[in-house]
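Structural description and commentary
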Amino acid sequence: MALVTRIVAPNPGPYTGPGTNTWIVDAGPVVVVLDPGPDDDSHLASLNERLAQRAVGVVLVTHSHPDHLPLAQRFAEQHRASVRRHPDLRDGDIVRAGNLNITALYTPGHSADHLSFLLADDGAVFTGDLILGQGSSMVTYPEGDVAAYLRSLDKLAALQPRVLFPGHWDPVPDAMAKIAEYRNHRLEREAQVLAEVRRGGGTAADLTRRVYGDLDQKLLVAAEMTMRAHLRKLVDDRVVRERGGLFEASVQ
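Quick caveat, the model's predicted, so the values are computed rather than measured.

Details of the overall build of the chain
Along the backbone of the chain there are six helices and twelve strands. Across its three principal axes, the chain shows a C-alpha extent of roughly 65 × 35 × 30 Å. Sorting the 252 residues of the chain into buried and exposed places 51% on the buried side. Once local pairs closer than 6 in sequence are excluded, the contacts in the chain between residues at least 24 apart make up 60%. Looking at the chain as shown, the accessible area adds up to about 11,600 Å², and 50% of this sits on carbon and sulfur atoms. Looking at charge distribution, the chain has the averaged site of its 27 positive side-chain charges lying 4 Å from that of its 32 negative ones.

Quick look at the structure:
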């Protein structure tokens, strides 16, 4: 298996855990760097120190969120490397760097531009924020798409990977169990939302308080955006309808 090392960016928080993982993959004569992270001078210094004199073959970015993308161009320019991400990379495109072939997988849901990266020979996938090392990924309205997210999980499961390298927290050695956990969690949340709508309609804010309970204001905003993403899928599935900002069960 290719040697994979990690440097954690100094951006811990409620949505980033201990910080964003920047992954460095040994590709023989060069290295591949995935998700350079936030535009932080100390993180850039840590990356350069770890690389020493190693040449960088390519910089890959899973998605454009501000904890994954901003440092990419500055880092790449220092190492005379290219930055590859969606939409430059499409589903199934192969990036060749050193002795590695890395397959881009289009895995939207967390974001519309999300890619994962597969090392097929190693059964390894770099999952960005599709799957994290712990907790659950945020799928929030209007950017998040629950239906697309579930399809992305199914796409990953069909590959039967062995290990996952997520955008936050630790590597996941039991990949298939984690994919199933994430899928079940999302479907259980959907069932919970639908059951609450059927008990009595309400606004997205009303339903958020009923499903999630008491949260501080910052987490409440994120919970409502998650609720709206689930409601959008249920409306698209025609099991819930929206009238003037109120959500209610559709007549079956």
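Let us keep going from here.
Some remarks on helix H5 (residues 204-212)
Among the residues of H5, Ala204, Leu207, Thr208 and Val211 are the ones counted as buried. Each buried residue of H5 lies within a common arc of 105° when the element is viewed along its axis, so the set occupies one face. Elements that come into contact with the buried residues of H5 comprise helix H4 (175-199), helix H6 (217-236) and strand E12 (246-249). At the exit of H5 stands Gly213, carrying a positive phi of roughly 75°.

Digging into the pairing of E12
If a strand is regular, its side chains alternate between the two faces of the sheet. Two strands pair when backbone bridges link them, and strand E11 (residues 240-243) and E12 are joined in this way by four bridges, in the antiparallel orientation. From the neighbouring strand, Glu242 faces E12, where its bridge partner is Phe247. Hairpin connection between E11 and E12: a loop of two residues separates the two successive antiparallel strands, and Gly244 in this loop has a positive phi of roughly 60°.

Some thoughts on the packing of helix H3 (residues 146-159) against H4
Angle between the axes and distance between the axes are the two parameters that describe a pair of packed helices. As a packed pair, H3 and H4 sit with axes 10 Å apart at the nearest point and diverge in direction by 160°. For the element pair H3 / H4, the angle class is roughly antiparallel. For the pair H3 and H4, the sense of crossing is left-handed. Each of Val146, Tyr149, Leu150, Leu153, Asp154, Leu156 and Ala157 in H3 lies in contact with H4, whose residues at this interface are Met176, Ile179, Tyr182, Arg183, Arg186, Leu187 and Glu190. Taken together, the residues that form the contact of H3 with H4 break down as ten nonpolar, no polar and four charged.

Parameters at a glance
- Residues numbered from 1 in each chain as written.
- Predicted model: local features only at pLDDT ≥ 70, side-chain atom pairs only at ≥ 80, totals over all residues.
- Heavy atoms only, no water.
- Helix = DSSP H or I, 4+ residues; strand = E, 2+ residues; numbered from the N terminus.
- Buried < 20%, exposed > 50% of the residue type's maximum accessible area, 1.4 Å probe, protein only.
- Contact = heavy atoms within 4.5 Å.
- Areas by Shrake-Rupley, 256 points an atom, 1.4 Å probe, with all protein chains shown as cover.
- Lys, Arg positive; Asp, Glu negative; His and termini not counted.
- Charge placed at Lys NZ, Arg CZ, Asp CG, Glu CD.
- Arc of directions from axis to C-beta.
- Pairing = 2+ DSSP bridges.
- Axes fitted to C-alpha atoms, helices over the stretch in contact; angles between N-to-C directions.
- Parallel < 35°, antiparallel > 145°, perpendicular 65-115°, else oblique.
- Left-handed = near helix turned anticlockwise from the far one by under 90°.
- Nonpolar A, V, L, I, M, F, W, Y, C, P; charged D, E, K, R; others polar.

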